[in-house]
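Spelled out from the first residue to the last, the chains are:
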Amino acid sequence: RGKTEARGSFRFFEPEMDARLQARRLLERDLREALTREAFEVYYQPIYSLDTDRVCGFEALLRWNHPVRGFISPAEFIPIAEELGLIVPLGEWVLRRACEVAAHWPDGLKVAVNVSAVQFTSASLVTAVREALRRTGLPGRRLELEITESVLVANPGSTTAILHSLKALGVRVAMDDFGTGYSSLSYLRSFPFDKIKIDQSFVRDLCIKDGTDFIVRAVIGLGASLGMTTTAEGVETEAQLAQLRAEGCDEVQGYLFSRPVPVSEVADVIRRWNGNSRAIA
Ligand code: C2E
Ligand code: MG
Ligand code: MG
Ligand code: MG
């Protein structure tokens, strides 16, 4: 208030800022309520192996169907859930749901679950993962957790211990959005990742922007020499796919194969890419 009075120029922005604050408060209220009503749904996007030319798993992606606004992107509400301290229960719900669903898939298929920085360092993550596996019967090797570099920046000390506890459960860990954060290279060396997910911003620029091909080639080479799988995200065109295949990328994911789909459509996606699969409910 005081600032508004002292500096006239601030007044100009005031109504808009009030509106944004208002919208934000409403979203916070709705988010709390949504959690109690379980108004969330998990969608699944296939991950396609270029080694076997088959779908080898799915990434679980959270969806919030808001009563008024329709589907709201997780990129918008996850940061709010983190701030409000709701990400731990929400993240654990996704984890349980994804394991429950994946336990019914054929044995070769994995499920990848995103874990936010706050959730990663919460005391309950390892217990939550162990419990989710135990209760659903999903073998640990079929679960993959995706974390971003922000996790490592926030808490490099405890990260190693947590990663090792997860790996003791047989769970695999992937570094998500690789190339968008800081110090990626030292992190790759220091932490026991199984997979690098090349960020979609690089894939988008493949065959378009000079130099991108070399970066992608270098990341795939890096992954291979560190014994990690590389997955390219956001593959939308045949040209991108051909380039990634030529460079020896292990796995691809993107709209070219399928958008994220509700659980009821997972069997169709598998059938479309892997041929008949009656094994699925
Ligand atoms: P992410 O983990 O990097 O997921 C990939 C995002 O790219 C997803 O967006 C997916 O729908 C989108 N995508 C996939 N293929 C393509 C493509 O070909 N083109 C384009 N343009 N986009 C593609 P989504 O579902 O909106 O999720 C956004 C982010 O929200 C995720 O990025 C992840 O960081 C976060 N997120 C989603 N679900 C969860 C969750 O359950 N827990 C946590 N902590 N974060 C989540
Ligand atoms: Mg991800
Ligand atoms: Mg990503
Ligand atoms: Mg390979």
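Residues numbered from 1 in each chain as written. Chains lettered and ligands numbered in written order. Predicted model: local features only at pLDDT ≥ 70, side-chain atom pairs only at ≥ 80, totals over all residues. Heavy atoms only, no water.

Visitor: Would you explain the overall build of the protein in this entry?
Guide: Helix and strand counts for the protein stand at 14 helices and 10 strands. Taking 19 Å as the expected radius of gyration for a compact globule of 281 residues, we find that the protein reaches 20 Å, a close match to that expectation. Structurally, the protein occupies a C-alpha span of about 65 × 45 × 40 Å along its principal axes. Relative to its 281 residues, the protein shows a buried fraction of 47%. For the protein, the separation between the mean place of its 34 positive charges and that of its 37 negative charges on side chains is 3 Å. (Helix = DSSP H or I, 4+ residues; strand = E, 2+ residues; numbered from the N terminus. Rg over C-alpha atoms; globule rule 2.2 N^0.38 Å. Buried < 20%, exposed > 50% of the residue type's maximum accessible area, 1.4 Å probe, protein only. Lys, Arg positive; Asp, Glu negative; His and termini not counted. Charge placed at Lys NZ, Arg CZ, Asp CG, Glu CD.)

Visitor: Explain the coordination of the magnesium ion (ligand 3) here, please?
Guide: Expected angles at a metal are 109.5 degrees for tetrahedral coordination by four donors and either 90 or 180 degrees for octahedral coordination by six donors. Taken together, the protein donors to the magnesium ion (ligand 3) comprise Asp176 (OD), Asp177 (OD), Glu233 (OE) and Glu233 (OE), at separations of 1.9 to 2.6 Å. Between the magnesium ion (ligand 3) and the magnesium ion (ligand 2), the interatomic distance is 4.3 Å, and Asp176 donates to each metal, bridging them. A relative accessible area of 5% means that Asp176 is categorised as buried. The exposure class assigned to Asp177 is partly exposed, which follows from its relative accessible area of 26%. (Donors = N, O, S within 2.8 Å, 3.2 Å for Na, K, Ca; no water.)

Visitor: Before we go on, may I ask you to explain the nonpolar core in this structure?
Guide: Among the nonpolar cores identified, the biggest contains 77 residues, and Tyr44, Leu143 and Leu145 are the most heavily contacted of them. Per element, the largest residue contribution to this core is 9 residues, and it comes from helix α5 (residues 87-102). (Core = buried A, V, L, I, M, F, W, Y, C linked by side-chain atoms within 4.5 Å.)

Visitor: Where do I start with the packing of α5 against helix α7 (residues 125-136) in this structure?
Guide: When two helices pack together, their arrangement is given by the angle between the helix axes and by the axis-to-axis distance. It is the contact of α5 with α7, at a shortest axis distance of 9 Å, that shows an interaxial angle of 30 degrees. Comparing their axes, α7 and α5 come out roughly parallel. Considering only the axes of α5 and α7, their crossing is right-handed. Taken together, the residues of α7 that come into contact with α5 (itself represented by Glu92, Leu95, Arg96, Cys99 and Glu100) are Ala128, Val129, Ala132, Leu133, Arg135 and Thr136. A class-by-class count of the residues in the contact of α5 with α7 yields 6 nonpolar, 1 polar and 4 charged. (Axes fitted to C-alpha atoms, helices over the stretch in contact; angles between N-to-C directions. Parallel < 35°, antiparallel > 145°, perpendicular 65-115°, else oblique. Left-handed = near helix turned anticlockwise from the far one by under 90°. Contact = heavy atoms within 4.5 Å. Nonpolar A, V, L, I, M, F, W, Y, C, P; charged D, E, K, R; others polar.)

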